[in-house]
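If you want the building blocks of each chain, they are given just below.
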Amino acid sequence: MDTATPAVTVALHDGTRVVAESAQVDARRHGELLLPAVDRVLADAGVELDAVTDVVVGVGPGPYTGLRVGLVTAATFGSVLSVPVHGLCTLDGLAYAAGLDGPFAVATDARRKEVYWARYEDARTRTAGPSVDRPADIADRLAGLPVVGAGAVLYPEAFPDARGPEHLAAGALAGLAAERLAAGEELLPPQPLYLRRPDAQVPKNYKVVTPK
């Protein structure tokens, strides 16, 4: 599952292929959409929740509120089912989904007129990032490269060679995770990959009221 971008996406993978998948793009309803998506995917596959042997969750980078919905849900499933919970960089999932052979970059919307981005040698090999920057500040570094993801679509002046997919589908995340686990690789811990402070801030000079 992944909630690090506006896409709320869940997939079930049997170790060989994606069995069922769901994706809805809504940046404001991660908490409402995720559990129904899990139920839908399991129902489509004809599988009960207790058949799940591993949970993989995208760890971002992504905006704080949406990202933590997926991470908390994954941790809860892992605890209830007593199964391992693995983390995977969301940008790596997008790179894997793009399937490009040569060098390219991935960029997602980081808000505040910035993008989360990483550079790749191919669909499986990250060579720089993830980082967060203003598009104009990295345009020269990524000049001439295709750029995958919503960040490229949002800022075409900085990333003229935009490529799909725009948003991550969990099937790609699951496929990459299954490939790496089968090769004996360790995935990331299921901890959020925050690259800056949350958008929400404590108001300055607020009044503290002490009850009598």
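Residues numbered from 1 in each chain as written. Predicted model: local features only at pLDDT ≥ 70, side-chain atom pairs only at ≥ 80, totals over all residues. Heavy atoms only, no water.

Draft legend 1. The nonpolar core, seen in detail. Ranked by size, the top nonpolar core spans 23 residues in total, and within it Met1, Val10 and Val55 carry the most contacts. Sorting the residues of this core by element identifies strand E1 (7-13), helix H1 (30-45), strand E3 (55-58) and helix H2 (64-81) as the ones contributing at least two each. Top element by residues in this core is H1. It accounts for six residues. Every residue in contact with Val55, bar those within four places of it in the chain, is listed here: Ala74, Phe77, Val83, Pro84, Val85 and His86. Ala95, Ala98, Val148 and Leu187 belong to the second-largest nonpolar core, a separate cluster that totals 18 residues. (Core = buried A, V, L, I, M, F, W, Y, C linked by side-chain atoms within 4.5 Å. Buried < 20%, exposed > 50% of the residue type's maximum accessible area, 1.4 Å probe, protein only. Helix = DSSP H or I, 4+ residues; strand = E, 2+ residues; numbered from the N terminus. Contact = heavy atoms within 4.5 Å.)

Draft legend 2. Representation of the side chain of Thr9 within the structure. As for its position among the elements, Thr9 is in strand E1. We classify Thr9 as buried; its relative accessible area is 0%. Within the local environment of Thr9, its side chain forms a polar contact with the backbone nitrogen of Ala170, the two atoms lying 2.7 Å apart. For Thr9, the contacting residues outside a window of four places in its chain are Met1, Asp2, Ser22, Ala23, Leu168, Ala169 and Ala170. (Polar contact = N/O pair within 3.5 Å; in protein donor to acceptor, adjacent residues only side chain to side chain.)

Draft legend 3. Structural context of unusual backbone geometry. A cis geometry characterises the amide bond from Gly60 onward to Pro61, with omega recorded as 10°. In this structure, Pro61 sits in the loop between E3 and H2. The peptide bond linking Gly129 to Pro130 adopts the cis configuration, its omega dihedral lying at 10°. Non-glycine residue Ser82 carries a positive phi angle of around 55°. Mapped onto the elements of the fold, Ser82 is located in the loop between H2 and strand E4 (85-88). Residue Ser82 is classed as exposed on the basis of its relative accessible area of 66%.

Keep in mind that these numbers describe shape and distance, not what the molecule does.
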